[in-house]
Every structure is written in C-alpha cells, then in structure tokens.
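Okay, here's what each chain looks like letter by letter:
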Amino acid sequence: MNDKDKRFKLYIPSNVKTRLEFFKGYGIHELILTIITVVALLPISIIVYNLNGNQFLVPVLIEFIGVAGMVIAVTKDKNNLCIINQLKYMIEFAGTQKKFKYKYYDKWRE
C-alpha cells in the first residue's frame, strides 16, 4: 500500500456491510472457523462413539455444542467485536497493567 492509498481512505459508515454475511455478524470467515471446529471435533466424537458402546447421542451432543459454541464465539456484534477478540484484548490489557508503589507526600506539612 503506497502513500496515495493511505491518504485517500474512504469512511465506511457503521451500518454498511463490507463483506458477505449469512446473518448479522456471521460471514464467510466465521463459517470457515466453524467448519474447522467441526473437523477438529470429529475424531473426538468418533472415539467417544466407539468407547460408549455405539450410542450416538453423546457424540452428536459434542458436535452440536462445539458448533453452537463456535458460532456464538465468532459472531460479531454491532461494534464489530466477537467474544474471542474481546477475550484476547482483555488478556493483552491485563498483561500491560503495572503496579506503581508510591509514598504519600503532603507538601503542606513538611
């Protein structure tokens, strides 16, 4: 990106969508993250299915809760933040806090 592009950025109002969204705050990027979650939970569900005596209720619940949790965690709100980003910012903020010990000095009494 050169200087000309940096100087002439357009202001995009908050209600204008800049990407394809399936529903408010959930677009292609969030769908990809959800699909990755399904694929990651699939081996766990298969192992639980085999250990649980071929009963399918628990593996289905594992997949459903994982997908629902991921959809909730990555859906953006009106401020364009999701739960995962908010947690990331909270952890970064907690890491930047410092303790400053000070000694009270009363200039009028000394």
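Above this note sits the structure.
So, a few notes on the structure that sits alongside this text. (Residues numbered from 1 in each chain as written. Predicted model: local features only at pLDDT ≥ 70, side-chain atom pairs only at ≥ 80, totals over all residues. Heavy atoms only, no water.)

**Re the overall build of the protein chain**
At step 1: Across its full length, the protein chain carries 4 helices and 2 strands.
At step 2: Counting helices and strands in the order they occur from the N terminus, the protein chain gives α-β-β-α-α-α.
At step 3: Looking at the protein chain residue by residue over its 110 residues, the buried ones come to 17%.
At step 4: A fraction of 39% describes how many contacts in the protein chain between residues 6 or more apart in sequence connect residues 24 or more apart.
At step 5: When the accessible surface of the protein chain is totalled, it reaches about 10000 Å², and 66% of it is carbon and sulfur. (Helix = DSSP H or I, 4+ residues; strand = E, 2+ residues; numbered from the N terminus. Buried < 20%, exposed > 50% of the residue type's maximum accessible area, 1.4 Å probe, protein only. Contact = heavy atoms within 4.5 Å. Areas by Shrake-Rupley, 256 points an atom, 1.4 Å probe, with all protein chains shown as cover.)

**A few points about helix α2 (residues 28-51)**
At step 1: Between its terminal C-alpha atoms α2 stretches 35 Å, which fits the 34 Å expected from 24 residues at 1.5 Å a residue.
At step 2: Considering bend angle alone, the principal kink of α2 is centred on L42 and spans about 30°; proline P43 follows within four residues of it.
At step 3: Residues of α2 that are buried include every one of E30, T34, T37, L41 and S45, and no others.
At step 4: Summarising the contacts, the buried residues of α2 are in contact with β2 (26-27) and α3 (57-74).
At step 5: Residue G53 follows α2 closely and has a positive phi angle near 75°. (Expected span 1.5 Å × (residues − 1). Bend = angle between axes of the 7 residues up to and from the residue.)

**Some points on a nonpolar patch on the surface**
At step 1: Side chains of L20, F22, F23, I28, I32 and I36 sit close together on the surface and give an oily, nonpolar patch of about 590 Å² of accessible area.
At step 2: Broken down by element, the nonpolar patch gets its largest block of residues, 3 residues, from α2.
At step 3: Looking at where F22 falls in the secondary structure, it is placed in strand β1 (residues 21-23).
At step 4: Residue classification places F22 among the partly exposed positions, given a relative accessible area of 47%. (Patch = residues over 30% accessible without salt bridge, like charges linked within 9 Å, V, L, I, M, F, W, Y side chains within 5 Å. Salt bridge = Lys/Arg side-chain N within 4 Å of Asp/Glu carboxyl O.)

**What about the packing of α2 against α3?**
Think of two packed helices as two axes; the pair is described by the angle between the axes and how far apart they sit.
At step 1: Contact pair α2 / α3: the axes reach a minimum separation of 9 Å and the direction vectors enclose 160°. Between α2 and α3, the interaxial angle falls into the category roughly antiparallel. By crossing handedness, the relation of α2 to α3 is classed as right-handed. Only V58, P59, I62, E63, G66, V67, M70, V71 and V74 of α3 make contact with α2, whose side of the interface consists of E30, L33, T34, T37, V38, L41, L42, S45, V48 and Y49.
At step 2: Residue composition of the contact of α2 with α3, by class: 13 nonpolar, 4 polar and 2 charged. (Axes fitted to C-alpha atoms, helices over the stretch in contact; angles between N-to-C directions. Parallel < 35°, antiparallel > 145°, perpendicular 65-115°, else oblique. Left-handed = near helix turned anticlockwise from the far one by under 90°. Nonpolar A, V, L, I, M, F, W, Y, C, P; charged D, E, K, R; others polar.)

**Let's talk about unusual backbone geometry**
Excluding glycine, residues mostly carry a negative phi; peptide bonds, for their part, are mostly trans.
At step 1: Despite not being glycine, N80 has its phi angle at roughly 65°, a positive value.
At step 2: By the element assignment, N80 lies in the loop between α3 and α4 (83-96).
At step 3: On the basis of relative accessible area, N80 is assigned to the exposed category, the value being 53%.

**Some remarks on the side chain of E63**
At step 1: Along the chain, E63 turns up in helix α3.
At step 2: Since its relative accessible area comes to 14%, E63 is described here as buried.
At step 3: Among all residues touching E63, those that are not within four sequence positions of it are V38, L41, L42 and S45.

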